[in-house]
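Chains, contacts and geometry: an overview
In case you want the letters, here they are:
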Amino acid sequence: MKLKRFLAIVLSALMICSCCVCANADTCKEEPDEVIVHETENGDIVSVAGVRVADIVDIDADYYMIVDYKGKGVSLYDYAATGMKVIIMDACGNVLEEKRIIIFGDVNGDGIITAADSRRVLRASVEFDILNPWQKIAADVVVDEAVKADDARIILRATVRLENLVKIFEMF
């Protein structure tokens, strides 16, 4: 019971912080000096926040479509966000390949690392929220194949520039 009360207080504080941190989304989309891309075993594309889709997706096809996690179309020049899907098709519109885009630390799919991502990870670490497979990859910033409170702590520190997720991602 004490754990639930403690988590409720922490989550309330995170919700308040999410209103203060990154109020101007454009300033939070700092483009990294170097674009780093990893590919998962199933072909998903993992990168860091602040990159455009064109920087991390190499499309060698005439017919393709890129959609966000809600299914809304996006362009190659939009900022990449967790949950975006690259769909490669043939001339008849048949799907040949699908790749999911995952941004390290971006759990809610908005392309920006904020306290809301940290809150979601913390809730998932105590099983208050359920993350889908690509959100779990985005949430696991400690890279230990588990979503824990330590991941939430690092993401929250990254929102106020006390942690550098790019440096952590380089070691991944």
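Figured I'd write up the structure that's included with this text. Treat the numbers as computed from the prediction; the structure is a model and nothing was measured.

**Section: the overall build of the protein chain**
Counting its secondary structure elements, the protein chain contains seven helices and five strands. Across the protein chain, every contact between residues at least 6 apart in sequence was considered, and the portion connecting residues at least 24 apart equals 53%. Within the structure as shown, the protein chain displays about 9,800 Å² of accessible surface, and the carbon and sulfur contribution to it stands at 53%.

**Overview of the side chain of Asp-129**
Relative to the elements of secondary structure, Asp-129 occurs in the loop between helix 4 (115-125) and helix 5 (133-139). With a relative accessible area of 17%, Asp-129 lands in the buried category. A distance of 3.0 Å separates polar atoms of two side chains, one belonging to Asp-129 and the other to Arg-120.

**A few points about helix 4**
Restricting attention to buried positions, one finds in helix 4 the residues Ala-115, Asp-117, Ser-118, Val-121, Leu-122, Arg-123 and Ala-124. Looking at the residues trailing helix 4, positive phi occurs at Glu-127, about 65°.

**Details of the packing of aromatic side chains**
The tally for this structure, following the rule as stated, stands at one aromatic pair. Their ring planes at 55° and their centres at 5.1 Å tell us that Phe-104 and Phe-169 sit as a pair that is tilted. Separated by 65 residues along the polypeptide, Phe-104 in the loop between strand 5 (95-103) and helix 4 and Phe-169 in helix 7 (residues 165-171) bring together distant segments of the chain. Over the ring of Tyr-79 we find Arg-52; its NZ or CZ atom is 4.2 Å from the centre of that ring.

**Regarding the environment of Lys-99**
The topology assignment puts Lys-99 in strand 5. Overall, Lys-99 belongs to the partly exposed group, its relative accessible area being 21%. Taking C-alpha positions, Lys-99 is 9.6 Å from Ile-66, a pair spaced 33 residues apart along the chain. Setting aside chain neighbours within four positions, we find Lys-99 in contact with Glu-39, Gly-43, Asp-44, Ile-45, Met-84, Lys-85 and Val-86.

Rules of the game
Residues numbered from 1 in each chain as written. Predicted model: local features only at pLDDT ≥ 70, side-chain atom pairs only at ≥ 80, totals over all residues. Heavy atoms only, no water. Helix = DSSP H or I, 4+ residues; strand = E, 2+ residues; numbered from the N terminus. Contact = heavy atoms within 4.5 Å. Areas by Shrake-Rupley, 256 points an atom, 1.4 Å probe, with all protein chains shown as cover. Buried < 20%, exposed > 50% of the residue type's maximum accessible area, 1.4 Å probe, protein only. Polar contact = N/O pair within 3.5 Å; in protein donor to acceptor, adjacent residues only side chain to side chain. Phe/Tyr/Trp six-rings, centres within 6.5 Å; stacked < 30°, edge-to-face > 60°. Lys NZ or Arg CZ within 6 Å of the ring centre and 35° of its normal.

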